[in-house]
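Secondary and tertiary structure notes
Each chain, letter by letter, is given below.
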Amino acid sequence: MAETSVTPRRQPSLVAVKSYDPASDPIICDPYRAPDLHWTLDTSGRALPGRMPSAGRRPSLRARPVPADKKLANVQQEWDLGIAEQNQTVEAIRDRVKEWRTTGYRGTTGITRKLLFHWAEEDQCRLPPFFAQREAIETLIWLREVATRQTRERRLIEEASREHNDGIVRYACKMATGSGKTAVMAMLIAWQTLNAVGTRRTRNLRHGQRFAVLAPGLTVRERLEVLRPGHPRNIYDEMGLVPTALRSRLNQAQVKVVNFQAFVRRDHLGATGAARKLLRVDAEHNREDHVRAAERVLRGLSRGAAYGDIVVINDEAHHCWLPPTDTKKKQEEKSAAVWFNAIRALRDAGHLGREAAGGGQESVVYDFSATPMWIGTSARSRPRLFEWVVSDFPLMDAIESGLVKVPRVPIDDDSGSEQTVWRNLYRNTVPKKVGPLEKHLQEPLNSSIRALYNDYRKTFEAWENKLATPPVMIVVANSIQNAETLFDWIAGHARGGGPRTPGRFSLFSNVDESGNWYAHPRTILVHSQIDQGDHLTPKIAKLAKEQVERYARGTRDRQEALRLRAMKPGEALRLMMNTVGKKGQPGEQVRCVVSVSMLTEGWDCRTVTHVLGYRAFSTQLLCEQVTGRALRRSSYESWREGENGRRLLEPEYAEVVGVPFEFMPSGSKVNDGGDPKPTHTVVSVPGREQLRVSFPQVEQYMRIPPHQRLRIDPKKVSPYTVQPDLFPTTTVLTGVTGEEKWISVADDSRHGTVRAALAARMVRSFVQDDSDPDAQTRGRTALFRDLYQATGEWLNHPEVSCPDPTLLLGPEHYEKVSSSILAACQADHQERERESLFR
């Protein structure tokens, strides 16, 4: 479910299904019920064919949500689903909450029980919460209102949290991207507020009505504004989360949504780091402390009539953790320190309540994340969850319940490589820097991006006239320079005021065939700088301003154009990015987003169908976050009826290329290069200098056009293959369940273009001999006609293997191809000349 915008789904039209098949029916669970079936997976992470789903819910454990690379099948996979992999505390909490649910939510307040039944009865809410959302809020309520500090599960969680968070108690809910975290946050705010304002106690230790919702950036912060009860599009009214009789009381909630960067301590001296060093000013001198920074940011959260301390809600909470005490920290550790120190400052200032008996604070900090893991976990080590995770609805459960798209990743291809090449494009592309636009992109980046576009085009045609906005493809680059080059390559460009050049892909091009800009941009370029405020580099600011100005010039809504022009460049581009896939908004016609250091989290777009990654993925956490941008379903209107009254959503898929999403370490051994090989020096034998053979220095090779017409001889065509052992042309994508899909760079519409380009290049390579009147008479037109015909026959010859003819235009192939074609023509020409002599 999209977290802030969902499609009504009260009475779906159902079609009966009698059997299960992981290839065609990957969804096996009713999203409104607790998962009671799960697919049995093989060692590569694929659902076993020909086997019925296993009964019961999959245990909370570390399971791979994508299939492994088939080409690494000979490498031992780390796939232990034994007891050691299970999260025993989460399993125990699940059992306790399930028992409590079946007994009617005993031990809670009257208001809490009314809310729980309101969320559980599907005819009460306008958009009933899915089970994943209900279980998360039920777990938090059980821990706070039913369990005591002597309850084993609560005691273990709080002890672990205090150990890793400097004594602070935190509860973390792990929910897959697209399963509805924002709705759970809203349910938490409603539960806390209605209890706080409905009590006569002077001090309520369990509930509050003042909320600090902390986010990792402006994009997430703007999305979370719907948590304010007074927001025009607030999620409480959209989903009907609060009974009508209690809705007015919810307005007493004080909700402040801030990005954690606001807690950076301000410098009262007003000097930069360089100036402080020059003046020899201590780093801590005249800088506000953490407590004052926290109070400055959260100023305005006044106390209500019913005393309740500030309730902290962390979205994307994997950014908030206590870093090591080293003096030198990585950037993610510095960010984590800012966020964590803000919470610690609130605790120290008493805003989280007094210290509780046994340790911790009275007001718990609530964490939400799809990946609540230590961000320093490397791609080769075991992923490590936060020790204070209390609820777990992972990606595998979300896939089997139909809440998200099934991600399909490359598992095999037609290359001779030991690995599936398109699974990790950045590692397999050399050099890493994207070349000039006049040449082809390096392989395999070139072929993979065109293959994914070919598949996107089919999706676009299938969506056309059916959905309000087009499908979206994401391209994630590793640097600003490469992102800009890819953007120009895909979307088109105008250099130095010169003519506008359309992009390589018509559906993504911002320039039409006549050289005019489209009114609505089809492709945009974004960078993380637009999510960090207004501190943009000049180059990024210029790009942002140009993209927004094109839209402003083309829109018919004059007021909208004026509003965008009045915004700062980063703010306007962020608005365009955040409205991708939304009808009537600036980003509604965007079909491709080229990103660098962006779109790893928080971007709420339900129409993403394709993802291409061209960057180093240092952690599996990053892989899951990038893949997560494509997981949100586009629709909740397609239902089927399964056995025993199950309501099953139809599956949706997302094609992911270039993101080495494994989740489990491969266990492969790192190649250390082996022992160095001996070197040898070659010298002339003394006394034999007179036998030295001298070769003439070649200054130039010239091709002289023949006097007769060029015709290719099929018998003289030599075998030619476009290096399939290095660069694949076709790959298979698959998910843990669902149908497989083959994507390819082959595109018949470009066959004629390639023939013409090759023929034209060969014509230009010939030297026209002015002394030869026959050559002057025939001219270049006749020569082009012959070579165009010969090129077509050569491409169609059975000895030539080239699924994608456009690869032949690259510098690594052109010389070989032209020589092969001309050799076949030249041999045929010479034979005919010899035959005429004998006659």
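Placed above this text is the structure.
Please read all numbers here as calculations on a predicted model, not as lab measurements.

Quick notes on the sheet that holds strand 18 (residues 653–657)
Sheet architecture is open: eight strands sit in the order 13-14-10-15-18-9-20-21, paired in mixed fashion. A strand with exactly one partner marks an edge of an open sheet, and here the two such strands are strand 13 (523–527) and strand 21 (741–744). Direction aside, the axes of adjacent strands within the sheet are offset by 25° on average. As defined by bridge partners, strand 9 (residues 406–413) adjoins strand 18 across three bridges and the pair is classed as parallel. The residue bridging Pro407 from the neighbouring strand is Ala654, located in strand 18. Here helix 15 (residues 480–491) sits on the sheet and contacts strand 10 (472–477), strand 13, strand 14 (592–596) and strand 15 (608–614); the angle it forms with strand 13, its principal contact strand, is near 175°.

Observations regarding unusual backbone geometry
Cis geometry is found at the peptide bond from Glu443 to Pro444, where omega equals 5°. Within the element layout of this structure, Pro444 appears in the loop between helix 13 (425–428) and helix 14 (445–463). One non-glycine residue with positive phi stands out, namely Tyr105, at about 60°. Looking at where Tyr105 falls in the secondary structure, it is placed in the loop between helix 1 (88–102) and helix 2 (110–120). Judged by its relative accessible area of 2%, Tyr105 is buried. With a phi angle near 55°, Asp166 is a residue other than glycine that sits in the positive phi range. Here Asp166 is to be found in the loop between helix 4 (152–164) and strand 3 (170–175).

Re the nonpolar core
One broad trend across soluble globular proteins is that nonpolar side chains are buried collectively. Of all hydrophobic cores here, the largest spans 118 residues; its most connected members are Trp119, Tyr171, Leu188, Leu227, Tyr366, Phe368 and Trp603. Among the elements that make up this core, the one with the highest residue count is helix 5 (residues 181–197) (ten residues). The residues touching Tyr366, leaving out its near neighbours within four places in the chain, are Leu140, Arg144, Tyr171, Leu188, Trp191, Gln192, Val311, Val312, Ile313 and Asn314. Judged by nonpolar contacts, the second largest core, of 36 residues, contains Phe460, Val475, Leu612 and Val745.

About the criteria used
- Residues numbered from 1 in each chain as written.
- Predicted model: local features only at pLDDT ≥ 70, side-chain atom pairs only at ≥ 80, totals over all residues.
- Heavy atoms only, no water.
- Pairing = 2+ DSSP bridges.
- Helix = DSSP H or I, 4+ residues; strand = E, 2+ residues; numbered from the N terminus.
- Axes fitted to C-alpha atoms, helices over the stretch in contact; angles between N-to-C directions.
- Contact = heavy atoms within 4.5 Å.
- Buried < 20%, exposed > 50% of the residue type's maximum accessible area, 1.4 Å probe, protein only.
- Core = buried A, V, L, I, M, F, W, Y, C linked by side-chain atoms within 4.5 Å.

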